[in-house]
Amino acid sequence: MNHLPVFLLSGIGLSILLILTLLSSDDLPEVPAFPMIDKVEHFLAFGCVALALMFDFGRRFGHISVKMFLWVVCFLTALGFLIEYLQGAMGQGRSADFFDAVADCLGAVVLPAACWGMIRKCVALYLVDIRPSGFGSNELSRVKRLYMSSFPESERRPWDDLLSRASDPGARLNLAVIRHKNHFAGMLTWWRLGDGLDDLRYVEHFAVEPSLRGSGIGAGAITDFVAMEKTPVILEVEPADLDEMARRRIRFYSRCGFVAHPGFSYVQPPYSDGLPAVDLMLMTAGRSVDLSDAAARIHQMVYGVVPSQSAE
């Protein structure tokens, strides 16, 4: 899908729509009729084209909005009335019908509105390609630059340690590149903290290129990651009382389906000697998680702290 021209889907839909509505009535196939079938056909045809247009606008601009929706409705409503006028003026054995145009307008309004959540999800999934392997040295250098600039020293592991762990096929740590339309857009490191039914994914680091922040790419990436498997996801964030940036980050993850757990006391152990422990807050997505068990797993597997030494 990433390699298709942006407005190809809606272009195909509009072409088919124009051909079917402006053909001579003698050229159209016979369809088993029931009362108002022509109105239903108009409703569905214009609704499907509206869905394609909304999806293509989302692909082009990185999100969908009410403004785009209103533009699509106005465009298809005008097109519907124009088609009815042409049907009456072209002498193709078809007549203009005001109520067909009304059905066109209703389809353009109702189907995109009813499928709004689905369109947003499809756009998010289109925007993001999370690639856990197969990236070259140039992309890896961009991952390193973004990693080093996005996280303070107390909240990141040494780069060589991250790289060696992620390169080990048997390791639980995974390094993934986030791409937007086949261009580097961000990075994500995550751990698998269990096996089988008790599996749990822990997001250690997640960052999007500064120039792309606020574009919806980050939300698409983390939403896509959560949806990749049925296992729950857990991550650490700075508490809301730290500063406005921390509150914005919590709101971002909440919009992506994560639940904050401010009542659970959690401390991130230091990554290396000489660095301080950091008071953080856990957020989870997916099915419910035993926070005490999850914290113990994170401390032991990620930070190398045995359970008896874990700070909670």
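Residues numbered from 1 in each chain as written. Predicted model: local features only at pLDDT ≥ 70, side-chain atom pairs only at ≥ 80, totals over all residues. Heavy atoms only, no water.

Undergrad: I'd like to hear about the packing of helix α2 (residues 37-61) against helix α4 (residues 98-114), residue by residue, with values.
TA: Where α2 meets α4, the axes come as close as 7 Å, and the angle between the chain directions of the two elements is 40 degrees. Judged by the angle between their axes, α2 and α4 are oblique. Here α2 and α4 pass one another in a crossing that is right-handed. When α2 is examined against α4, the residues D38, K39, H42, F43, L44, F46, G47, C48, A50, L51 and M54 are found in contact with a partner set consisting of F99, D100, A103, D104, L106, G107, A108, V110, L111 and P112. Here the residues of the contact of α2 with α4 are counted per class, giving 14 nonpolar, 3 polar and 4 charged. (Axes fitted to C-alpha atoms, helices over the stretch in contact; angles between N-to-C directions. Helix = DSSP H or I, 4+ residues; strand = E, 2+ residues; numbered from the N terminus. Parallel < 35°, antiparallel > 145°, perpendicular 65-115°, else oblique. Left-handed = near helix turned anticlockwise from the far one by under 90°. Contact = heavy atoms within 4.5 Å. Nonpolar A, V, L, I, M, F, W, Y, C, P; charged D, E, K, R; others polar.)

Undergrad: Which residues make up the packing of aromatic side chains, and what values do they have?
TA: Summed over the entire model, instances satisfying the criterion amount to 14 aromatic pairs. Judged by centre distance (5.5 Å) and plane angle (75 degrees), the rings of F57 and W71 are edge-to-face. With F57 in helix α2 and W71 in helix α3 (residues 66-89), the pair connects residues that are 14 residues apart, well separated along the chain. Under the relative-accessibility criterion, F57 is labelled buried at 14%. A centroid spacing of 5.6 Å and a plane angle of 70 degrees characterise the contact between Y253 and F258, whose relative ring orientation is edge-to-face. Relative accessible area serves as the criterion here: at 7%, Y253 is assigned to the buried category. Ring pairing ties together the aromatic residues F7, F57, W71 and F75, which thus form one cluster. For the cation-ring pair, R201 lies above F225, with the distance from its terminal atom to the ring centre recorded as 4.7 Å. (Phe/Tyr/Trp six-rings, centres within 6.5 Å; stacked < 30°, edge-to-face > 60°. Buried < 20%, exposed > 50% of the residue type's maximum accessible area, 1.4 Å probe, protein only. Lys NZ or Arg CZ within 6 Å of the ring centre and 35° of its normal.)

No statement about biological role is implied by the geometric values presented.
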